[in-house]
Amino acid sequence: MSKAVFYHAGCPVCVSAEQTVADSLKGDVEKVHLGEQSGRVAEAEAAGVKSVPALVIDGLPFHINHGADLSALKS
């Protein structure tokens, strides 16, 4: 089973991507709201995430749409 993590910031673009992409994938997808879990921004960055929403599957980042630059979420 693949490991999938969906990173987002809660913006309208992110919510739409969550509803259409992340929720339609088979298996468990961990959903990480970086606006609420800012301690995980470095994790997303280390995984290659440049903007959210993004889906990381088995360590490979897939940028779904450009909602916000990851740099804007750094505290």
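Provided above is the structure to which this section pertains.
A quick note: this is a predicted structure, and the numbers were derived from the prediction, not measured.

Parameters and conventions
Residues numbered from 1 in each chain as written. Predicted model: local features only at pLDDT ≥ 70, side-chain atom pairs only at ≥ 80, totals over all residues. Heavy atoms only, no water. Buried < 20%, exposed > 50% of the residue type's maximum accessible area, 1.4 Å probe, protein only. Helix = DSSP H or I, 4+ residues; strand = E, 2+ residues; numbered from the N terminus. Arc of directions from axis to C-beta. Contact = heavy atoms within 4.5 Å. Pairing = 2+ DSSP bridges. Axes fitted to C-alpha atoms, helices over the stretch in contact; angles between N-to-C directions.

Visitor: Sorry, what's going on with helix α1 (residues 12-20) here?
Guide: An α-helical turn contains 3.6 residues, so a residue and the one three or four places further along point in the same direction. All of the buried residues along α1 are C14, A17 and E18. End-on view of α1: buried residues confined to an arc of 100°, all on one side of the axis. Counted as exposed and oriented over 90 degrees from the buried face of α1: P12, Q19 and T20. The secondary structure elements touched by the buried residues of α1 are β1 (4-8), β2 (29-33), β3 (51-57) and β4 (60-69).

Visitor: Sorry, what's going on with the sheet that holds β1 here?
Guide: For sheets, the rule is that strands pair by backbone hydrogen bonds, running either parallel or antiparallel. Spatially, 4 strands are ordered β2-β1-β3-β4 in an open sheet, and the strand pairing comes out mixed. With one partner strand each, in any of the chains shown, β2 and β4 form the two edges of the open sheet. The average angle at which neighbouring strand axes cross in this sheet is 15°, direction not considered. Examined bridge by bridge, β1 and β3 share 4 bridges and lie antiparallel to one another.

None of this, on its own, says anything about what the molecule does.
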